[in-house]
Structures are given as C-alpha cells and as structure tokens.
Amino acid sequence: MSALTELYNEQIKEHEKKPRNFGKLETANRVAEGRNPVCGDHFTVYLQYEDDVIKDIRFEGEGCAISKASASMMTRSVKGKNKADAEQLFSEFHQMVLGELDEETTPNQLGYLKVFAGVRNFPVRVKCASLSWHTMHAALEGEETTSTEDFGPDIASSQISA
Ligand code: ZN
C-alpha cells in the first residue's frame, strides 16, 4: 500500500462523504472564516461558546477530501470541551501533522485523529488538515478570519501536486 493510499483511509473517506456537524449554526456567538489558498479549501466555523465550553460547533464550506474530513472530525473532537482542552488538542494535532509529535510514543488525547498522522509526509496536505483547526482557534479567540498563508509549513509551488 502506498503512503498516499494509506492517507486516504476509510475513516477519512467516510467523513468526507458524510461530514458531521455540517451547516450553519444559528445559535453561534463566534464565527470565523478560514482559507487555504494553496488548495482552495474554504470553511466557516461556527461556535456556540458559553461558560468556557464549546456547547455546539458546526462548519460549512468547500474543500478537498482531507480538509473536509478533518473539519468533520475536528468538530466532533472539540464539541463539549472547554477552551483549554480544545486548544491543547489543536496543539497536539498541529504538532502531529508537522511531524513534531510522535503520536505513538508521546502521551496525547488525539484518539481517532491519529488517522491524519500520514499527512506529515505531504506538506501541501498539512495545511488542508490544519485549516479547520486554525479556524476553530480563530473563532475561540474572537477573530473573524484566518488563512493558511499565516501558518506553516512554507510550501514551494513545485510541491503542489499531491
Ligand atoms: Zn485541501
């Protein structure tokens, strides 16, 4: 099995086909828009954030399979969490896809998010996988927009083929 085939595993495909928590959230009190110009991914993340807890979360938008599946799994992972726990998970996820955290040897809360570990071998896809997390983080911080141009890794245009 090639690394690329492994990347698009069944769980990722399933979430891409049937994204969870997809659509506008009318009760949202935090909204942020995230763009990944390298791939064309574009999502809006809606949070109902009350008493330091993410009571509800939804997303809408369009993107590649990895970005959409990641957004779907991100919403499931942070729903019900307080800000500190959500930010901790974001940090672990980001470090994992950047190859800075070994999810098998370092204690973490990643759980099923580990299916995205293979993304680290595809620099272009790191931004796809991270986009919804950065957007969720921006919403928590009360920011309205975020772009993958503002975070790593830097990508040469020659790499944009995966
Ligand atoms: Zn993408």
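Structure shown above.
As a starting point, this report considers the structure included with it. Keep in mind it's a predicted model, so treat the numbers as computed, not measured. (Residues numbered from 1 in each chain as written. Predicted model: local features only at pLDDT ≥ 70, side-chain atom pairs only at ≥ 80, totals over all residues. Heavy atoms only, no water.)

**Structural notes on the coordination of the zinc ion**
Here is step 1: The protein atoms donating to the zinc ion are C39 (SG), D41 (OD), D41 (OD), C64 (SG) and C128 (SG), with metal-donor distances spanning 2.2 to 2.6 Å.
Here is step 2: Spacing between the donor residues of the zinc ion along the chain follows C-x1-D-x22-C-x63-C. Separated by 23 residues along the polypeptide, D41 in strand 2 (residues 41-50) and C64 in the loop between strand 3 (53-62) and helix 3 (65-78) bring together distant segments of the chain.
Here is step 3: You can call D41 buried: its relative accessible area is 2%. (Donors = N, O, S within 2.8 Å, 3.2 Å for Na, K, Ca; no water. Helix = DSSP H or I, 4+ residues; strand = E, 2+ residues; numbered from the N terminus. Buried < 20%, exposed > 50% of the residue type's maximum accessible area, 1.4 Å probe, protein only.)

**Observations concerning the sheet that holds strand 1 (residues 30-36)**
Here is step 1: What the four strands build is an open sheet, ordered 3-2-1-4; its pairing is mixed. Edge positions in the sheet fall to strand 3 and strand 4 (145-147), since each of these pairs with one other strand and no more. The sheet shows a mean angle of 20° between the axes of neighbouring strands, taken without regard to direction.
Here is step 2: Bridge count for strand 1 against strand 4 is three bridges, and the pairing is parallel. Bridge assignment links E33 to a residue of strand 4, and that residue is T145.
Here is step 3: The strands touched by helix 3 are strand 2 and strand 3; relative to strand 3, the strand with the most contacts, the crossing angle is about 170°. (Pairing = 2+ DSSP bridges. Axes fitted to C-alpha atoms, helices over the stretch in contact; angles between N-to-C directions. Contact = heavy atoms within 4.5 Å.)

**Some details on the packing of helix 3 against helix 5 (residues 123-140)**
Here is step 1: Orientation of helix 3 relative to helix 5, taken along the N-to-C sense of each, is 35°, at an axis distance of 8 Å. Along this stretch, helix 3 crosses helix 5, giving a crossing that reads as right-handed. Contact residues: helix 3 offers I66, S67, S70, A71, M74, S77 and V78, while helix 5 offers R125, C128, A129, S132, W133 and M136.
Here is step 2: Grouping the constituent residues of the contact of helix 3 with helix 5 by class yields eight nonpolar, four polar and one charged. (Left-handed = near helix turned anticlockwise from the far one by under 90°. Nonpolar A, V, L, I, M, F, W, Y, C, P; charged D, E, K, R; others polar.)

**Topic: the pattern of salt bridges**
Here is step 1: Within the structure shown, the criterion is met by nine salt bridges.
Here is step 2: For K18, the salt bridge goes to E14, with nearest N and O atoms at 3.7 Å.
Here is step 3: Take K18: its relative accessible area is 54%, and that puts it in the exposed class.
Here is step 4: Between R120 and E103 there is a salt bridge whose closest N-O contact spans 2.7 Å. Residue R120 is found in the loop between helix 4 (83-97) and helix 5, and its partner E103 is found in the loop between helix 4 and helix 5; the two are separated by 17 residues along the sequence.
Here is step 5: R120 sits in the partly exposed class, given a relative accessible area of 30%.
Here is step 6: The class for E103 is buried, based on a relative accessible area of 9%. (Salt bridge = Lys/Arg side-chain N within 4 Å of Asp/Glu carboxyl O.)

**Concerning the pairing of strand 3**
Here is step 1: In terms of strand pairing, strand 2 meets strand 3 through nine bridges, oriented antiparallel. Paired with V45 across the strands is F59, a residue of strand 3.
Here is step 2: Between the antiparallel neighbours strand 2 and strand 3 lie two residues, among them D51 with a positive phi of about 55°.

**What about the packing of aromatic side chains?**
Here is step 1: A full pass over the atoms with the stated rule returns five aromatic pairs.
Here is step 2: Note on F93 and W133: the rings are 5.0 Å apart at their centroids and 20° apart in plane angle, and the pair reads as stacked. With F93 in helix 4 and W133 in helix 5, this residue pair connects regions lying 40 residues apart in the sequence.
Here is step 3: For F93, a relative accessible area of 0% gives the class buried.
Here is step 4: Classification of W133 as buried rests on a relative accessible area of 0%.
Here is step 5: Within the aromatic cluster, the residues linked to one another by ring pairs are F90, F93, F116 and W133. (Phe/Tyr/Trp six-rings, centres within 6.5 Å; stacked < 30°, edge-to-face > 60°.)

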